[in-house]
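Listed below are the residues making up each chain.
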There are 2 protein chains.
Amino acid sequence: MSAVRLSADLSPSQQKADWLDTILKGDCVAALNKLPEKSVDVIFADPPYNLQLNGDLHRPDQSKVDAVDDHWDQFDSFAAYDAFTRAWLLAARRVLKPNGTIWVIGSYHNIFRVGASMQDLGYWILNDIVWRKTNPMPNFRGRRFQNAHETMIWASRDANSKSYTFNYDSLKAANDDVQMRSDWLFPICTGSERLKDDNGDKLHPTQKPEALLARIMLASTKPGDVVLDPFFGSGTTGAVAKRLGRHFVGIEREQEYIDAARARIDAVKPLESTTLTVLSGKRAEPRVAFVSLIDSGMIKPGATLYDAKKRWAATVRADGTLAIGEQAGSIHRIGAAVQGLDACNGWTFWHYERNGGLTQIDELRRIARLGMERAGA
Amino acid sequence: MSAVRLSADLSPSQQKADWLDTILKGDCVAALNKLPEKSVDVIFADPPYNLQLNGDLHRPDQSKVDAVDDHWDQFDSFAAYDAFTRAWLLAARRVLKPNGTIWVIGSYHNIFRVGASMQDLGYWILNDIVWRKTNPMPNFRGRRFQNAHETMIWASRDANSKSYTFNYDSLKAANDDVQMRSDWLFPICTGSERLKDDNGDKLHPTQKPEALLARIMLASTKPGDVVLDPFFGSGTTGAVAKRLGRHFVGIEREQEYIDAARARIDAVKPLESTTLTVLSGKRAEPRVAFVSLIDSGMIKPGATLYDAKKRWAATVRADGTLAIGEQAGSIHRIGAAVQGLDACNGWTFWHYERNGGLTQIDELRRIARLGMERAGA
DNA sequence: ATTCGCTATGAATCTTAGG
DNA sequence: TCCTAAGATTCATAGCGAA
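- The name given to chain A in an unreviewed UniProt entry is Methyltransferase, with Pseudaminobacter soli as the source organism.
- UniProt's Sequence similarities (unreviewed entry) comment on chain A is quoted here verbatim: "Belongs to the N(4)/N(6)-methyltransferase family."
- The Catalytic activity (unreviewed entry) field of the UniProt record for chain A holds the comment "a 2'-deoxyadenosine in DNA + S-adenosyl-L-methionine = an N(6)-methyl-2'-deoxyadenosine in DNA + S-adenosyl-L-homocysteine + H(+)".

In structure tokens:
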């Protein structure tokens, strides 16, 4: 790849880096080291699993199981695999933005070593996610449980990175209004989605389903973000990124995979931007100062506020504080104090009298926000 | 404990070792080192998870979460935790029979380190098993996925131990005649099963459900086998072993837990025969996330949904939310909003166009459930 | 006896803007 | 970088008391 860098005075929207939406050919660590530091929002990595297979496996009908015995999955020892793992995790960490996150998928053959290395290098695990397969391969010998899942580790760059992207509200709304759990159910990649080579055989032994990558990106990226995949393979990450209006960068060694992935991604039609809007919750709403309700005349100084059951009454003061007897403070502090709690959301706790009933002052905040939007605040 | 050993010429059925069906008090490694080598069939270990908590956590209702902040879960560093882990895994391996197996349970905080150490010490992983919780604690701050599972590693003593116990056929028969998968569904331990202290509070912070231990023993032991638990705690392993006609050995440091476990186990009545309740782990009506219809391609992002009379039309967004103009949210929230109601069942309210007519999206949910049932949801 | 509503709680690495 | 204050945030289940 070339050594072109983003100019410091140009935002990505003004000048697109030449490595965006491309597949870099070569060794994963070498390619990573050529990318600018802190330049990608999310990394999805599907590294070699270090499967340790001896001999062939046959199904009960004597057909042979097409094992993952590619040369790139051969390591001499756990130590060799660990060294490989640490090298790419370290190179990836340099490229990740401070508030970026990384996803790594693996099986019991490798995921424990990968997870320990991630912790050792300073990544901070946010969740481990279980991909439950609806249609896993059976255990043919009947000597173990059916291996029906794979594990993903989702981690931030550092323990103190708090501002990573997590589209909580959108995930919850899409999940019947309950928060998304750490166990996900998806079919393995089969049928027309599975890329085939010239012989009609599967092109890549471990092609991941697009639905899995879509869930990952919808959870942890925003439209326009950059998703890096250092083990690009058949290009699922790129295809899903393009469809969902995200940028991708792929790294891959094998020309056969690069060609197939390129063609695959070129055929993807991006979704319309309007369908890509991410549902945002209250956190994204602009802040409203309680005093601004007084400024705008929605609440008069001297007005009385009550809790929902009218157990307490407090007086609004001209400076935007609330008072009960000697005690005065913010709507939150006074709400907490009367309940004997450490914290309280005054917006939902306090009410005002209207039409003989009580209405939350949060209703006034909502109205104030509409005014702010009109004013382009 | 005493230094009594099994005579070499007597089988366990002829002379019962004095440490069988007892709880050894003391440090885990020291106690393990006093047991005879190659003397137990299965080890179940629930070691400290090394949670790293900062400050208190409160529920949205301001109640405080009772965190696991016990002294036995405090380690200075990953290195200290690794040293602890290697020490007990090594001592446990000496005690394990050549064809014995070990189960270790953990969360993302520790399981990757534990798994890597197990591989380093020569244990051979047979499966990783996911315990999916029906009723996990929510994520209260909405900053991560709900942590809804724990991970267990099942391993043999060596890579070449082939004669370990695995009751394949009975598991399959108990599971509707399909192989038992690597993801299991159980509730957490609550209600009358949960041991309480004199104040009525939970006796032990991490008591495991008996159903989980029963599945483990039914899978990997035979009646009369010896099950060792080096972190005995409230004694679930002992209680289930006695009930299922297995022997146990527990190791525990805290006298309070020993006393409670002893009383608990004494109260257990062994089953006459091992015709046990089948824990199929299937639930009545698995929940379907609306977004899973998008994942599976049944609904496309950008598609339009209508109410039965086509009075309203809404657009499906890629993140699984529904949008009408500026308003967006779950199928339920948007259904409620357009009708001016507080609540709405989006599954029955919204329809899609098919064959020129309208069909409820609930029809798609029914189809999705068929796939989930196959996966044992 | 049954239902309904309210409360309690579980292995938790659980915020963020602004001064 | 540190400190303060605003204010956002929960699902399933068991138990209990009232109706």
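**Some thoughts on the protein's contact with DNA strand D**
Next up, step 1: By nearness alone, 32 residues border DNA strand D, and Y168, K172, Q179, H332 and R365 of chain A come closest of all.
Next up, step 2: In DNA strand D, atoms within 4 Å of the protein come from the sugar-phosphate backbone in 66% of cases.
Next up, step 3: S330 of chain A is positioned such that a nitrogen or oxygen atom in its side chain is 3.2 Å from a phosphate oxygen of DNA strand D.
Next up, step 4: In this structure, Q62 of chain B approaches DNA strand D through a side-chain N or O atom, which is 3.3 Å from a base oxygen.
Next up, step 5: Every element with two or more residues in the surface near DNA strand D is listed here: α4 (168-174) and α9 (331-339) of chain A.
Next up, step 6: Looking at the surface near DNA strand D element by element, the count peaks at 3 residues for α4 of chain A.
Next up, step 7: For the surface near DNA strand D, a count of residues per class yields 9 nonpolar, 11 polar and 12 charged.

**Focus on the packing of helix α5 (residues 210-220) of chain B against helix α6 (residues 236-243) of chain B**
For any two helices packed against each other, one specifies the inter-axial angle together with the distance between the axes.
Residues and elements named next belong to chain B.
Next up, step 1: It is the contact of α5 with α6, at a shortest axis distance of 9 Å, that shows an interaxial angle of 55°. With respect to their mutual orientation, α5 and α6 come out oblique. Two packed elements cross with a definite hand, and for α5 against α6 that hand is right-handed. Note on element contacts: α6 touches α5 through T236, T237, A239, V240, A241 and R243, opposite E210, L213, A214 and M217.
Next up, step 2: Split into classes, the residues belonging to the contact of α5 with α6 amount to 6 nonpolar, 2 polar and 2 charged.

**Let's talk about the sheet that holds strand β7 (residues 226-229) of chain B**
All names here are of chain B.
Next up, step 1: Read from one edge to the other, the open sheet built from 8 strands follows the order β1-β8-β7-β2-β3-β5-β4-β6, with strand pairing classed as mixed. In the strand order of this sheet, the two ends are held by β1 (22-25) and β6 (183-186), each with one partner. Neighbouring strand axes in the sheet, compared pairwise and without regard to direction, differ in orientation by 20° on average.
Next up, step 2: Where strand β2 (residues 40-45) lies against β7, 2 bridges are found, and the strand directions are parallel. Looking across to β7, one finds that I43 is bridged to L228.
Next up, step 3: Those strands touched by helix α7 (residues 255-266) are β1 and β8 (247-252), and its axis lies near 175° from that of β1.

**Describing the interface of chain B and chain A**
Reports often express the size of an interface as the amount of accessible area lost when the parts come together.
Next up, step 1: Contacts between chain B and chain A engage 78 residues on the former and 73 residues on the latter.
Next up, step 2: Buried area between chain B and chain A, both sides added, is near 6500 Å², and the carbon and sulfur share of it is 52%.
Next up, step 3: It is F112, R143 and F145 of chain B in chain B that bury the most area against chain A; as a group they hold 14% of the surface buried on that side.
Next up, step 4: At the junction of chain B with chain A, the criterion picks out 6 salt bridges.
Next up, step 5: The shortest N-O distance in the salt bridge between R215 of chain A and D295 of chain B comes to 3.1 Å.
Next up, step 6: The interface formed by chain B and chain A holds 41 residue pairs in polar contact (both at pLDDT 80 or more) in total.
Next up, step 7: Here the side of chain B that touches chain A gets 9 residues from one element, more than from any other, and that element is strand β4 (residues 124-133) of chain B.
Next up, step 8: Looking at side-chain class alone, the side of chain B that touches chain A contains 36 nonpolar, 26 polar and 16 charged residues.

**Quick look at the packing of helix α6 (residues 236-243) of chain A against helix α7 (residues 255-266) of chain A**
All names here are of chain A.
Next up, step 1: As a packed pair, α6 and α7 sit with axes 9 Å apart at the nearest point and diverge in direction by 15°. When the axes of α6 and α7 are compared, the pair comes out roughly parallel. Viewed along their axes, α6 and α7 form a crossing whose handedness is right-handed. Residues T236, G238, A239 and K242 of α6 form the contact with α7, whose own contacting residues are R264, I265 and D266.

**Quick word on the packing of aromatic side chains**
Each aromatic ring pair is summarised here by two numbers: the centre-to-centre distance and the angle between the ring planes.
All names here are of chain B.
Next up, step 1: Throughout the structure, instances matching the rule amount to 37 aromatic pairs over all chains.
Next up, step 2: Consider the rings of Y81 and F84, whose centres lie 5.9 Å apart with planes at 45°: the pair is tilted. Of this pair, Y81 and F84 both sit in helix α2 (residues 78-95), 3 residues apart, which is roughly one turn of that helix.
Next up, step 3: The exposure class assigned to Y81 is buried, which follows from its relative accessible area of 0%.

**Here we look at the environment of W103 of chain A**
Next up, step 1: Within the secondary structure, W103 of chain A sits in strand β3 (residues 96-106).
Next up, step 2: Using a relative accessible area of 0% as the deciding quantity, one classes W103 of chain A as buried.
Next up, step 3: The spatial distance from the C-alpha of W103 of chain A to the C-alpha of R311 of chain A is 50 Å, given a sequence separation of 208 residues.
Next up, step 4: Not counting residues up to four positions away in its chain, the partners in contact with W103 of chain A are V42, I43, F44, A45, I129, M152, I153, W154, W184, I216 and S220 of chain A together with F145 of chain B.
Next up, step 5: Polar contacts involving the side chain of W103 of chain A include one to the side chain of S220 of chain A, which spans 3.0 Å.

**Focus: the protein's contact with DNA strand C**
Residue and element names in this part refer to chain B.
Next up, step 1: Neighbouring DNA strand C are 40 residues, the closest being R59, Y108, M137, R141 and R194.
Next up, step 2: Atoms of DNA strand C within 4 Å of the protein belong to the sugar or the phosphate in 48% of instances, the rest to bases.
Next up, step 3: At a separation of 2.5 Å, a base nitrogen of DNA strand C approaches a polar side-chain atom of R59.
Next up, step 4: Between a base nitrogen of DNA strand C and a main-chain N or O atom of P136, the distance comes to 3.3 Å.
Next up, step 5: Taken together, the residues of the surface near DNA strand C sort by class into 18 nonpolar, 8 polar and 14 charged.

Scoring rules and cut-offs
Residues numbered from 1 in each chain as written. Chains lettered and ligands numbered in written order. Predicted model: local features only at pLDDT ≥ 70, side-chain atom pairs only at ≥ 80, totals over all residues. Heavy atoms only, no water. UniProt positions renumbered as here; feature names shortened; annotations may be inferred. Near = heavy atom within 4 Å. Polar contact = N/O pair within 3.5 Å; in protein donor to acceptor, adjacent residues only side chain to side chain. Helix = DSSP H or I, 4+ residues; strand = E, 2+ residues; numbered from the N terminus. Nonpolar A, V, L, I, M, F, W, Y, C, P; charged D, E, K, R; others polar. Axes fitted to C-alpha atoms, helices over the stretch in contact; angles between N-to-C directions. Parallel < 35°, antiparallel > 145°, perpendicular 65-115°, else oblique. Left-handed = near helix turned anticlockwise from the far one by under 90°. Contact = heavy atoms within 4.5 Å. Pairing = 2+ DSSP bridges. Buried area = accessible area lost by both parts, 1.4 Å probe. Salt bridge = Lys/Arg side-chain N within 4 Å of Asp/Glu carboxyl O. Phe/Tyr/Trp six-rings, centres within 6.5 Å; stacked < 30°, edge-to-face > 60°. Buried < 20%, exposed > 50% of the residue type's maximum accessible area, 1.4 Å probe, protein only.

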